[in-house]
Amino acid sequence: MSKCIIDGREVEFTPGQNLIEVAKKAGIDIPFFCYHPGLSVVAQCRMCAVEIEKMPKLQTACSTVAAEGMVVKTKSPRTAQNQKAVMEFLLINHPLDCPICDKSGECDLQDNSYRHGDLYSRYTEERRTYLDLDMGPVIQKNMNRCIHCTRCIRFGDEIAGIREMVALQRGNNTQISTVDGRALETDYAGNYADICPTGSLTVKDFRFKKRVWFLKKTSTVCEGCSRGCNMEIHQDANVIYRCIPRENMQINKYWLCDEGRFNFQYVNDENRVVAPMVNHSVSDWGLSIDQAKKVLMGKKIAVLVGSDLTQEEGSHLLEFLPKHFPGSPIFHFGTPGLNTAEKDGDADRILKRKSKTSNLHGLEKLGFQGFDKMPKEINAVLVIRGGRAILPDLKGLVAVGLGVFMAPQVEEFSVILPGTSFAEKDGTIVNYEGQAQRIRRAILPPGQCKGLSEVLMMWVNSKSSSGAA
Amino acid sequence: MGTKILSKKFYNEMIQLEPRYPTKVALLLPALHAAQDEFGWLSPEVMEEIGSYIGIHPAQVREVASFYTMYNLRPVGKYHLKICTNVACCLRGADELVSHCEKKLGIQCGETTKDKKFTIMEEECLGACGTAPAMMLNNDYYENLDVVQLDELLENLE
């Protein structure tokens, strides 16, 4: 293993690694703005410049590849002086609006200013100001706060594959923009806000809803498709405010699509059924389970299992269903027109998959059959799902639902037993590559929603006899 | 794409130029020049058409066109005065030339006269520091200028 010396410590590295990455591995932080491990290196912010022995000038750590025996000083007076100068330069035009800036608390500029900046600025002239053009429904731009790191431009070009965000004008007048304020076209726009090192690009959905330091973070996995992107749920007082991507180099690297990012919104939706319902009126758990059994009694039942359920829930159902619904066909469902794992594929070149549910491949492994067409003799269905599997057409059938439903979806259901969404339960999901990942509970279920295993227990223990014919 | 705004001549020129460059994206600068020769300025629609011809996002065309001061993103007058105000010219009295022009034509820098005849713009270095102060009138250079010469020049144009 090759070695170099950073701040007097011997650090091992793999050839080709840049100094920021090598130092990070040794626990030494080199400050930077324009560098991002998932994007190309441009070395234009100059913040990461460090002193390297035998080199006359400071070198940018992001663009300098570690070499055998290299002696790097990241905390020398020359380095610190440069960092101070860069900070002063970047803050010349940056407004001092941290108290009302949504990025405050997780802002690279703020953090680096605190760690490396000077207390004073010599700038007394007027600051550059811009009138902002719109950027579409996802991103809010505030050009005054921009430090021209061009991360967003490179993200668009290299990851999202569309050069829609560009730097207009040049030099001091540079302005990050789309054409005449056109809406962003990419489905990955949320990432623009994630990688912005200032409050220049923020997510409209999250803006001014919550100060970031109040958010509690739960590491989990997105349930938006069969990719299984790693992400964090940020919540406070049992309300989810946002989801952001979590690094996983094998699956989603640093990114998350907008569909997955904003998927959590149904969890807090006001239309969500959060109490047991019998024929459109609120009931209690015991009565509604009895009623569910009653309406299914003597019917030819099919059981539809959403492929947004976890492996654990799937296994429970495989034990429960044959006992309590003997002879009833069991199908998994989730995405219309995609009823086997074989039909799943990439929906774009980046992350999205065709299957709009997270655990299609897992349930298939457990032995569930895909739903194609309702068998002819069937006249009742039991639907069990999380919140995302798309309901097939159930017209004319007696239906009992167990899981997360929005009121307009289930108007024709006889009984609804409210269940838990992906954010309210622990479990395992299996992505399209067979990678099993844990999803974690971030919040408590709202209202009277109950986890699947608890509902099944109540079903088993309730007094009236089983629902099957 | 509906009807094309750019002429057949433009497209013929592009077809001739294309083999000169390693990639089609490299055709962007000459394409912008050719389009500007045709219309005098680059309208959003023209840039859109160039983008779709070269196969890049219109935002990228805008980025390049706004970077270079030689491309006019707004209509300009018949006579386009570009006066260099960089260091060498500034030391040799370029500011005086600019304010003289502004007074004489009754417009500010960056503006066009009402009769669409004159546009004045400040230019970064024209590369004529040895013969400062320098000015470009449309595509011609005028060097070692002073107020008298400038007056003479403008009168001949009017």
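See above for the structure.
Keep in mind that this is a model prediction, so the values were computed, not measured.

Turning next to the interface of chain B and chain A. Counting residues at the interface gives twelve residues for chain B and 13 residues for chain A. Both faces combined, the contact of chain B with chain A buries some 1,200 Å², and carbon together with sulfur accounts for 50% of it. Of all residues in chain B, the largest losses of buried area upon contact with chain A belong to His57(B), Arg62(B) and Glu63(B), amounting jointly to 45% of the total for that side. Summed over the shared surface of chain B and chain A, the number is three salt bridges. Taking the shortest distance from any N to any O, the salt bridge between Arg182(A) and Glu48(B) comes out at 2.9 Å. For the pair chain B and chain A, the number of links is seven residue pairs in polar contact (both at pLDDT 80 or more). Counting residues per element, the side of chain B that touches chain A draws most heavily on helix α4 (residues 58-67) of chain B, at seven residues. In terms of residue class, the side of chain B that touches chain A is built from four nonpolar, four polar and four charged.

Another aspect to go through is the side chain of Asn230(A). All names here are of chain A. Here Asn-230 shows up in strand β11 (residues 230-236). A distance of 2.8 Å separates the side chain of Asn-230 from the side chain of Gln-437, its partner in a polar contact. Leave out the neighbours within four places in its chain, and Asn-230 touches Thr-220, Val-221, Pro-245, Arg-246, Asn-248, Ile-251, Asn-252 and Gln-437.

Bringing the sheet that holds strand β2 (residues 118-123) of chain B into the picture now. All names here are of chain B. The four strands are arranged β2-β1-β3-β4 in an open sheet whose pairing can be described as mixed. Each having just a single partner strand, β2 and β4 (140-142) make up the two edges of the open sheet. Direction aside, neighbouring strands of the sheet carry axes that sit 25° apart on average. One ladder, built from six bridges, connects strand β1 (residues 79-84) with β2; its direction is parallel. Pairing of Lys-82 across the sheet is with Met-121, part of β2. The sheet strands contacting helix α6 (residues 94-105) are β1 and β2, and the helix crosses β1 at an angle near 150°. Its contacts with the sheet place helix α7 (residues 147-157) against β1, β2, β3 (135-137) and β4, and it is angled at close to 5° to β3.

Criteria and cut-off values
- Residues numbered from 1 in each chain as written.
- Chains lettered and ligands numbered in written order.
- Predicted model: local features only at pLDDT ≥ 70, side-chain atom pairs only at ≥ 80, totals over all residues.
- Heavy atoms only, no water.
- Contact = heavy atoms within 4.5 Å.
- Buried area = accessible area lost by both parts, 1.4 Å probe.
- Salt bridge = Lys/Arg side-chain N within 4 Å of Asp/Glu carboxyl O.
- Polar contact = N/O pair within 3.5 Å; in protein donor to acceptor, adjacent residues only side chain to side chain.
- Helix = DSSP H or I, 4+ residues; strand = E, 2+ residues; numbered from the N terminus.
- Nonpolar A, V, L, I, M, F, W, Y, C, P; charged D, E, K, R; others polar.
- Pairing = 2+ DSSP bridges.
- Axes fitted to C-alpha atoms, helices over the stretch in contact; angles between N-to-C directions.

Coordinates in, geometry out; function isn't part of it.
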